[in-house]
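Listed below are the residues making up each chain.
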Amino acid sequence: MEERIEAVIEDRREPKDDGGAKHPNTCPGCGSHYRDDELEATLRVCPQCGHHFPVRARERIAQLADGGTFAEADADLRSADPLGFFDLKAYTERLAQAEMATGLGDALVAGSAAIERRACELAVMDFAFMGGSMGSAVGEKLARACERAAERRVPLVAVTASGGARMQEGILSLMQMPKTVVSVDLLREARAPFVVVMSHPTTAGVLASFASLGDVIVAEPGALIAFTGPRVVQQTTREKLPDDFGLAESNLRFGHVDAIVRRADLRPYLGRLLALFVDGRDGR
Amino acid sequence: MAAEPTGPEVEQLRLRERLAKLRGMRLLGGVGVAGELAKLERQIERISAEPSADEVWHSVELARHEDRPYTLDYVERMCDDFVELRGDRTFEDNRAIVAGLARFRGRTVALVGHQKGRTLEERYERSFGMPYPEGYRKAMRVMELADRHGFPLMTLVDTPGAYPGVRAEQHGQGGWIARCQLAMAGLGVPSVACVIGEGGSGGAVAIAVADRVLMQENAIYSVISPEGCAAILWRDASEAKKAAAAFKPDARHCLELGVIDGIVPEPEGGAHADHDAAATLLAEGLELALHEVEDEDPAVRRSDRRARFRALGVFTG
């Protein structure tokens, strides 16, 4: 019982994160409010203004994969706590809380699937699990997804949503960048196609590693895609930021993504792309 | 039975071996350079002990010391010749990264390193050692050149991080950091990287995907600056010391976690105290590391390099 009491005190000392934030189902674009089942039916896109709400990993998989084709891999994989990291709370406690809150083992769900009848490997990030941060578990799962795709010589489709590296794992979280990069190198050597869908937000260590190495990179409308986010750029350089700083639309204009694809179009778009890659392989 | 060889050189090697056994640690450089045995012994004692929070913070301070040698200070002392190659062949020459061809201990090598400035003017010109995408593109062009001509690649890492600005973002900062890592991953020629000061986040790892990765004794290698980490996790940047103790950016911890392959000793007091000695020790470390990988078949080297980075991480299941 003592532990329980302590945990409550710990929580109180920590300032609340959501100071004055709107309900997650209230549209930040136009202020419309929806029931959860309404948003689910519209793929979590606001029917009024087209704002794309975040999508949890399992829901994203249901949106993209052909019914019943997804077979999860490495579901039991968990990050360890190599540094015995403790800030305001122990890292192990943060991990346990995130798992309780999201029902996920870490911020990436991966497995084999078919999209519009094309076999592929699918790796989907979930921002709700510690901000989609990349630690050892995310890096390992992505690396294994690359290896499975290379082995089966099927495309890998990755959907990213991440604030960057997971600080609580220190330098090992930074090392997930080269780890995922060398895994993409393997994928390329096997000539397995790699398609990346950048959703909001795709930033820092994830953007600066595997996410930017897709053969094709598409973004969701309005997604923040930046190595350094607007607040830090503003604070560090005191530069005046353009209104569309780091947004998908600006990334398209500067040549960093191939297309902006609305969520309703994403599955058919991926289907066409996979068909072009797979059917046309080796000039067939 | 023949007498066992003796003498200070052998004694130093023994000490080194003892240390390696003691802590599963590899030490590079130092033999016959730093001079007398007692000095090396002290150095070894210093490196082999578990660092305290204060010592970790001391490393942070030394890694950022304004008199610490920068890339060009080392190049001047380690290399017999250096021809700088400038520009990314697309847009500009980013001065936060220097690149070129050098003669290093008898061979031609390609060299790429972050470069901080000494004077206010130079610091500004080199954007405090924080590269723009053009810097990584220049690095990649020189890496490709090295691969084409069969020159080993040496990189020196010393940056607070990639430049966090509007133009850098518009020019694709994240993407070029990713592609620079991929370029290093794919090289056929041998490569060795050494963190000589601040190994700050993605901006550092962009040029550190090498066959062997070393750190100088007082360098730091980290996912975020102590101040940044403190601001986010403690919500107070002044808790930087606490943050550094928690995420352990010092060389000894990086070695324990398998992130680096060896520690390059510095002269007593730190690299800033004696640039010449620091350069000799660094050259020794780089040469030893290069020697370990240079006879390998290029394809094997590439797959070993891939395996080295593939193995990093701690997880269950």
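Model, not experiment: these values are computed from the prediction. Numbering of residues starts from 1 in every chain and runs along the sequence as written. Both sets of labels track the order of writing: A upward for chains, 1 upward for ligands. Local features in this predicted model are restricted to residues whose pLDDT is 70 or higher, and side-chain atom pairs enter the listing and the counts only when it is 80 or higher, whereas totals over whole chains, interfaces and linings include all residues. Remark: hydrogens and water are excluded; side-chain values derive from all non-hydrogen atoms of the structure.

Engineer: So, the overall build of chain A: which residues are in play, and what are the values?
Structural biologist: Runs of H or I in DSSP of at least four residues are treated as helices and runs of E of at least two as strands, each being numbered from the N terminus. Counting secondary structure elements, chain A contains eleven helices and nine strands. In terms of overall size, chain A behaves like a compact globule, its C-alpha atoms giving a radius of gyration of 19 Å where 284 residues would be expected to give roughly 19 Å. Per-residue accessibility, obtained with a 1.4 Å probe over protein chains only, is compared with the maximum for each type, and a residue is labelled buried under 20%, exposed over 50%, and partly exposed between these values. For chain A, the proportion of its 284 residues judged to be buried stands at 55%. Carbon together with sulfur atoms contributes 51% to the accessible area of chain A, which is approximately 12400 Å² in total. As defined in this context, the radius of gyration uses C-alpha atoms, and a globule is described by 2.2 Å times the residue total to the power 0.38. All accessible-area figures derive from a Shrake-Rupley calculation using a 1.4 Å probe, and residue coverage is judged against the displayed protein chains alone.

Engineer: I'd like to hear about the overall build of chain B, residue by residue, with values.
Structural biologist: If you tally the helices and strands in chain B, you get 14 helices and nine strands. In chain B, which comprises 317 residues, the proportion classed as buried is 60%. Taking as baseline every contact in chain B between residues at least 6 positions apart, the subset at least 24 positions apart corresponds to 74%. As displayed, chain B offers around 12100 Å² of accessible surface, 52% of which is attributable to carbon and sulfur atoms. The contact definition used throughout considers only heavy atoms, calling two residues in contact when any of these lie within 4.5 Å.

Engineer: So what about the domain arrangement of chain A? Which residues, and what values?
Structural biologist: Residues and elements named next belong to chain A. These domain limits were set by an automatic method or by a database of domain assignments. Domain assignment breaks chain A into domain 1 (23–53) and domain 2 (55–282). Throughout, buried area stands for the accessible area (probe radius 1.4 Å) lost by two parts on being put together, summed over both. Here domain 1 meets domain 2 over a buried area of about 630 Å², counting both sides, of which 53% is carbon and sulfur. Three residues stand out in domain 1 for area buried against domain 2, namely Leu43, Arg44 and His52, and they jointly supply 80% of the buried area on that side. When a carboxyl oxygen of Asp or Glu is within 4 Å of a side-chain nitrogen of Lys or Arg, the pair counts as a salt bridge. Of the charged contacts, one joins Glu59 and Arg44 as a salt bridge, the two residues approaching to 2.8 Å between their closest N and O atoms. Within the side of domain 1 that touches domain 2, the residues separate by chemical class into three nonpolar, one polar and two charged. Amino acids outside the nonpolar list (Ala, Val, Leu, Ile, Met, Phe, Trp, Tyr, Cys, Pro) and the charged list (Asp, Glu, Lys, Arg) are all regarded as polar, and Gly is one of them.

Engineer: Explain the interface of chain B and chain A to me, and be specific about the residues and the numbers.
Structural biologist: Taken residue by residue, the interface counts 48 residues in chain B and 57 residues in chain A. Both sides together, the interface formed by chain B and chain A hides about 4700 Å², and carbon and sulfur atoms give 68% of it. Considering only the surface of chain B that becomes buried against chain A, B:Leu233, B:Arg306 and B:Arg310 emerge as the three largest contributors, covering 15% of it. Counting every contact that joins chain B to chain A gives five salt bridges. One salt bridge connects B:Arg302 with A:Asp185, and the closest N-O pair in it is separated by 3.1 Å. Here a polar contact is taken to be a pair of N or O atoms separated by no more than 3.5 Å, where protein atoms must pair a possible hydrogen donor with a possible acceptor and residues adjacent in sequence count only if both atoms sit in side chains. Counting across the interface, chain B meets chain A through 19 residue pairs in polar contact (both at pLDDT 80 or more). Ranked by residues supplied to the side of chain B that touches chain A, first place goes to helix 8 (residues 173–185) of chain B with nine residues.

Engineer: Please give an account of the pairing of strand 6 (residues 194–203) of chain A that cites residues and values.
Structural biologist: Residue and element names in this part refer to chain A. Counting buried positions over the ten residues of strand 6 gives nine, a clear majority of the element. Following DSSP output, two strands are said to pair if at least two bridges run between them. Bridge analysis of strand 5 (residues 156–162) against strand 6 gives six bridges, and the strand direction is parallel. Each bridged residue has a counterpart across the sheet, and for Ala158 the counterpart in strand 6 is Val196.

Engineer: Report on the pairing of strand 4 (residues 153–159) of chain B, specifying residues and quantitative values.
Structural biologist: Residue and element names in this part refer to chain B. Within strand 4, seven of the seven residues are buried, which leaves the element mostly enclosed by the surrounding structure. Of the two faces of strand 4, both are covered, the one formed by Leu153, Thr155, Val157 and Thr159 as well as the one formed by Met154, Leu156 and Asp158. As defined by bridge partners, strand 3 (residues 107–114) adjoins strand 4 across four bridges and the pair is classed as parallel. Residue pairing for strand 4: Ala110 is matched across the bridge by Leu153. Looking at chain direction, strand 4 and strand 5 (residues 191–200) are connected through six bridges and run parallel. Bridge pairing in strand 5 links Thr159 to Gly199.

Engineer: So, the packing of helix 7 (residues 176–189) of chain A against helix 14 (residues 298–310) of chain B: which residues are in play, and what are the values?
Structural biologist: The N-to-C vectors of helix 7 of chain A and helix 14 of chain B enclose an angle of 140°; their axes lie 8 Å apart at closest approach. As far as their axial angle goes, helix 14 of chain B and helix 7 of chain A are oblique. Relative to helix 14 of chain B, helix 7 of chain A is oriented so that their crossing is left-handed. Residues A:Pro178, A:Lys179, A:Val182, A:Ser183, A:Asp185, A:Leu186 and A:Glu189 of helix 7 of chain A pack against B:Arg302, B:Arg306, B:Phe309 and B:Arg310 of helix 14 of chain B. Residue classes in the contact of helix 7 of chain A with helix 14 of chain B are distributed as four nonpolar, one polar and six charged. Axis geometry follows a simple rule: fit a line to the C-alpha atoms, using only the stretch in contact for helices, then measure angles between N-to-C directions, giving values from 0 to 180 degrees. In what follows, roughly perpendicular refers to angles from 65 to 115 degrees, roughly parallel to angles under 35, roughly antiparallel to angles over 145, and oblique to any angle outside these ranges. Handedness of a helix crossing follows the sense of rotation of the near helix relative to the far helix, less than a right angle counterclockwise being left-handed and clockwise being right-handed.

Engineer: Before we move on, could you go through the state of the cysteines and cite the residues and values that matter?
Structural biologist: What is meant by a disulfide is a covalent connection between two cysteines, made through their sulfur atoms. Residue and element names in this part refer to chain A. Cysteine sulfur atoms are paired as a disulfide whenever they come within 2.5 Å of each other. Tallying each qualifying case throughout the model produces zero disulfides over all chains. Free cysteine Cys30: the closest other cysteine sulfur is in Cys46, separated by 3.6 Å. The class of Cys30 is partly exposed, set by a relative accessible area of 37%. Residue Cys120 stays outside any disulfide, its sulfur separated by 13 Å from that of Cys146, the closest cysteine. Using a relative accessible area of 0% as the deciding quantity, one classes Cys120 as buried.

Engineer: Give a description of the environment of B:Met143 that names residues and reports values.
Structural biologist: All names here are of chain B. Structurally, the position occupied by Met143 is in helix 6 (residues 133–149). Relative accessible area serves as the criterion here: at 0%, Met143 is assigned to the buried category. Note: C-alpha distance between Met143 and Thr155 (twelve residues apart in sequence) is 9.9 Å. When sequence neighbours within four positions are dropped, the list of residues in contact with Met143 reads Leu153, Cys180, Ala183, Met184, Leu187 and Ile207.

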